[in-house]
Amino acid sequence: MSRSALPTDQSTTLARDAEALEPAETETATFGMGCFWGPDALFGAKDGIVRTRVGYAGGTANDPTYYALSDHTEVVQLEYDPEIWTYAELLDVVWANHDWTTSQKRQYRGVILAQDDTQREIAERSHTALADRTGQSVATTVETLERFYPAEAYHQKYELRTLPVVADELEDLYGDAFTASTVAARLNGFAAGYGTEDQRHDLLATLDLPPPVIDEVRRRL
Ligand code: MHO
C-alpha cells in the first residue's frame, strides 16, 4: 500500500496492535536476567513476542517498588504466540543472554519463574541440560511465579524513552495501553539495536505516525 493511501489519522498504527493476538491466545513467561531494561528490548524486537512488560517478582514482600524492592528481583514478563515460540526456545534465548554462571545480588539474579507445572518441568530439564552440556554449575534458579508486580511506567519500554519524540507520541496515542502495545515493544527493541533491517522496514511501512516521528524513527532506528 502506498503511503498516500493511508488514512491521515493514526488508525494504521493502532490497527497493528488491534491485530495482535488477544491475551487469551498467548502464553506468558517470566524471567530475571539482570537489569530488566535489556531483556525488555531483546525480546520485544522478536516476531511472535506479542507483549512485554517489566516488573518485580520472585520475592515475598507486598507491593515492591524500584526503590523498595525488598526480596524481589527485576524481571521481564512476555506474552508470546505459542505457534511461533515454544517455552523451551524462549529458555534458549534466556541462557544465551545473561550470565547464568555467577550469583548476582538479588535485584539482578538470574531466575526462571515458571507459570505452572508444565513450564517448571521444561525449565528444570533445560537447566539440567545446560549444566550437562557445559559442565558448569548454573547459578540461575528455576522457581514458581507467585505474583508479578508491574514496575513504574518510566521503566517500561525504557530504551524507546531515549527517543522522546517517538515515545511521547506513542504514549499520547496509546495512553494506558502503551506498555502493552506490540508496536511499542518492537520499537523499544529496535531502539536498543535489536531486530533486522527487514523487520524495521516492514514495521515502519505500516506505521502512520506524524512525519517528525517517522523521521526520528528512520534516523535513529
Ligand atoms: N541504574 C542501573 C540499573 C538500572 S536497572 C532498571 C544502570 O543504569 O545500569 O536496575
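What you see is a predicted model, and the numbers here were worked out from it, not measured in a lab.

Asks: Explain the overall build of the protein to me, please; I cannot follow it from the model alone.
Replies: Helix and strand counts for the protein stand at eight helices and six strands. The helix and strand sequence of the protein, counted from the amino end, reads α-β-α-β-β-α-β-α-β-β-α-α-α-α. Its C-alpha atoms give the protein a radius of gyration of 18 Å, within 12% of the compact-globule value 17 Å for 221 residues. Its C-alpha atoms give the protein principal-axis dimensions of roughly 55 × 35 × 30 Å. The buried share of the protein, reckoned over its 221 residues, is 48%. Within the protein, counting contacts between residues at least 6 apart in sequence, those at least 24 apart form 77% of the total. Accessible surface for the protein amounts to roughly 10700 Å². Of this, 49% is attributable to carbon and sulfur atoms.

Asks: What is the right way to look at helix H2 (residues 37-44) in this model?
Replies: In an α-helix, one full turn covers 3.6 residues, which means residues spaced three or four apart are oriented alike. Counting buried positions along H2 gives six out of eight residues, so the element sits mostly inside the fold. All buried positions along H2 are accounted for by Pro 39, Asp 40, Ala 41, Leu 42, Phe 43 and Gly 44. Next to the buried residues of H2 lie strand E1 (27-33), strand E2 (49-57), strand E3 (73-80), helix H3 (87-96) and helix H6 (182-191).

Asks: Looking at this structure, how should I read the pairing of E2?
Replies: Regular strands show a simple pattern: their side chains alternate between the two faces of the sheet. Within E2, eight of the nine residues are buried, which leaves it mostly tucked inside the rest of the structure. Note that E2 and E3 share eight bridges and pair antiparallel. Across the sheet, Gly 55 pairs through a bridge with Val 75, a residue of E3.

Asks: What exactly am I supposed to notice about the site of the ligand here?
Replies: Taken together, Cys 35, Phe 36, Trp 37, Tyr 66, Glu 74, Gln 107, Tyr 108 and His 155 make up the full set of residues adjacent to the ligand. Between the ligand and Tyr 66 there is a distance of 3.3 Å, counted from an oxygen atom to a side-chain nitrogen or oxygen. Side-chain polar atom of Tyr 108 to an oxygen atom of the ligand: 2.7 Å apart, as the coordinates give it. Contact with the protein chains removes 61% of the 310 Å² of surface that the ligand exposes when unbound.

Asks: Teacher, can you tell me more about the sheet that holds strand E6 (residues 149-150) here?
Replies: The sheet built from six strands is open, its strands ordered E5-E4-E1-E3-E2-E6 with mixed pairing. A strand with exactly one partner marks an edge of an open sheet, and here the two such strands are strand E5 (141-144) and E6. Sheet analysis places E1 next to strand E4 (residues 110-114), joined by four bridges and oriented antiparallel. Residue Gly 32 lies in a different strand from E4, and its bridge partner there is Val 111. Those strands touched by helix H4 (residues 117-134) are E1, E3, E4 and E5, and its axis lies near 175° from that of E5.

Asks: How do you make sense of the packing of aromatic side chains when you look at a structure like this?
Replies: When we look at a pair of aromatic rings, we describe it by the centre distance and by the angle of the planes. Within this structure, the stated rule accounts for five aromatic pairs. Here the aromatic rings of Phe 31 and Tyr 87 are separated by 6.1 Å at their centres, their planes lie at 20°, and the arrangement is stacked. One end of the pair, Phe 31, is in strand E1; the other, Tyr 87, is in helix H3, and 56 residues separate them in sequence. Per residue, the accessibility class of Phe 31 equals that of Tyr 87, and both read buried. Plain terms: the ring middles of Phe 36 and Tyr 56 are 5.7 Å apart, the flat faces sit at 40° to each other, and that makes the pair tilted. A residue pair is termed long-range when its members are at least 10 positions apart, and Phe 36 in the loop between E1 and H2 and Tyr 56 in strand E2 qualify at 20 residues. Comparing Phe 36 with Tyr 56 shows no difference in burial state: the two are buried. Linked through ring pairs, Phe 31, Phe 43 and Tyr 87 together constitute an aromatic cluster.

Asks: Hey, could you run me through the environment of Glu 152 in this one?
Replies: Relative to the helices and strands, Glu 152 resides in the loop between E6 and helix H5 (164-174). Taking relative accessible area as the criterion, Glu 152 reaches 22% and is therefore assigned partly exposed. For the pair Glu 152 and Thr 65, spaced 87 residues apart in sequence, the C-alpha separation works out to 7.4 Å. In contact with Glu 152, not counting residues within four places along its chain, are Tyr 56, Thr 65 and Tyr 66. Side-chain polar atoms of Glu 152 contact the side chain of Tyr 56, separated by 2.6 Å.

Rules behind the numbers
Residues numbered from 1 in each chain as written. Predicted model: local features only at pLDDT ≥ 70, side-chain atom pairs only at ≥ 80, totals over all residues. Heavy atoms only, no water. Helix = DSSP H or I, 4+ residues; strand = E, 2+ residues; numbered from the N terminus. Rg over C-alpha atoms; globule rule 2.2 N^0.38 Å. Buried < 20%, exposed > 50% of the residue type's maximum accessible area, 1.4 Å probe, protein only. Contact = heavy atoms within 4.5 Å. Areas by Shrake-Rupley, 256 points an atom, 1.4 Å probe, with all protein chains shown as cover. Pairing = 2+ DSSP bridges. Near = heavy atom within 4 Å. Polar contact = N/O pair within 3.5 Å; in protein donor to acceptor, adjacent residues only side chain to side chain. Axes fitted to C-alpha atoms, helices over the stretch in contact; angles between N-to-C directions. Phe/Tyr/Trp six-rings, centres within 6.5 Å; stacked < 30°, edge-to-face > 60°.

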